[in-house]
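A structural walkthrough
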Amino acid sequence: MEIKAFQVEEWMNAYETTATYNLAETCVDSISLQTLFEMVGIDKMAFFDAFSRKRMTYGDIEGKPEFLEGICGLYRNVLPEHIVTTHGAAGANHLLISSLVEAGDKVISVMPTYQQLYSIPESIGADVQILHLKKENGYLPDLEELRRMAVPGTKLICINNPNNPSGALMQNEMLREIVEIARDAGAYLLCDEVYRHLNQEDGYIESIVDLYEKGISVSSMSKVFSLAGLRLGWIVTKDAALKKQLLSHRDYCLISCGMFDEAIAAVALKHADKILARSRSLIQKNLEILDTWVQKEPHISYVKPKAGTTALLHYEGEMDSVTFCKQMLDETGVFMTPGDCFGEEKCARIGYACSSEDLTVGLEKMSEYLKKTLK
């Protein structure tokens, strides 16, 4: 099977370890197990002593019950039997699309978004149609255009809420309109929700799985919960036949997730409110830092993000985004992701959920680079 290079991941792999100020990272500033146990009031030594006595079998094939219960708490009406555990959200997207989509199927995906959502179905031989999200529309989908694209027989519509890389957030009313478009077409509706719960303002954003009988939610422990090292994700579907199909395909690539990973995730999700409070506080503080910087920077514009951890910074001048980001890394140690990785030019994606200190200094270094480069 041929598949296009995964641009954003190849970019991160090539340069991330050389950065002094990593403003390309998209997870909320990662925490250690020590920090996790302190946050939730767990006796670290008692936890490790009890776990060390366990035999290292495959564990619970379909997921540790406490982990599944923790996932259910992130939704309105989800039960453990609706969940398929995976190796990160990347594993979830890959499993879902490769299980559901066949050559010749019509698939619609937004863009810019995480490349899996359009390159994987394309590699299978699907007829992939792109719904372009535009800066002038706040990177929100044009629903009339989506309605024209979603003809009866469409197999799958892929969206991302909150959006990566723009930080745009579809509110509940728009999500319900998209559900009606998908329902009219008879399509499954996949929503990559790895940044869900990270809103800048108060308010509950629904999951697509709670809105639509053929809605599919994908998420993970990485972005919101600052535990990417666990490599745990999940698919939520209330379609029993689809879940059976997913488990059948899962047998070929993943017997089970790790016992230790799921035990840690169960602890984190039992105390999700505490971790979410930390995450929201950091992204809200850091967006204020970023927004103040953007307003003072003459060469930069952006659509202020409503949620998530990322934004697209548009710059003036003729330099392509790969050269812009590589040169900035070489000269300042500031690392960001070229818009080219998302099919966008004259912009770069910033991840602003790192430590506030790194963000502040990184932006100062970037200002020096802009002043010299974009005269």
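Let me begin by describing the structure that accompanies this report. For clarity, every value in this text was computed on a predicted model and none was experimentally measured.

As for the packing of aromatic side chains
If you walk through the whole model with that rule in mind, you get twelve aromatic pairs. Ring centres of Phe47 and Phe48 lie 5.6 Å apart, and the angle between their planes is 85°; this geometry places the pair in the edge-to-face category. Overall, the relative accessible area of 16% leaves Phe47 in the buried class. The exposure class assigned to Phe48 is partly exposed, which follows from its relative accessible area of 29%. Aromatic rings pair up to connect Phe37, Phe47, Phe48, Phe51 and Phe260 into one cluster. Here Arg196 stacks its cationic end above the ring of Tyr75, 5.3 Å away from the centre of that ring. Lys214 extends its terminal NZ or CZ atom over the ring of Tyr188, reaching a point 4.4 Å from the ring centre.

Regarding the sheet that holds strand β10 (residues 310–315)
Ordered in space as β9-β10-β13-β12, the four strands form an open sheet in which the pairing is antiparallel. Only two strands of the sheet have a single neighbouring strand rather than two, namely β9 (300–301) and β12 (337–338). Across five bridges, β10 lies against strand β13 (residues 347–351) in antiparallel orientation. When the sheet's bridge partners are listed, Leu313 is paired in β13 with Ala348. Sheet contacts for helix α11 (residues 272–296): β9, β10 and β13; angle to β10, the most-contacted strand, approximately 10°.

Thresholds, definitions, all that
Residues numbered from 1 in each chain as written. Predicted model: local features only at pLDDT ≥ 70, side-chain atom pairs only at ≥ 80, totals over all residues. Heavy atoms only, no water. Phe/Tyr/Trp six-rings, centres within 6.5 Å; stacked < 30°, edge-to-face > 60°. Buried < 20%, exposed > 50% of the residue type's maximum accessible area, 1.4 Å probe, protein only. Lys NZ or Arg CZ within 6 Å of the ring centre and 35° of its normal. Pairing = 2+ DSSP bridges. Helix = DSSP H or I, 4+ residues; strand = E, 2+ residues; numbered from the N terminus. Contact = heavy atoms within 4.5 Å. Axes fitted to C-alpha atoms, helices over the stretch in contact; angles between N-to-C directions.

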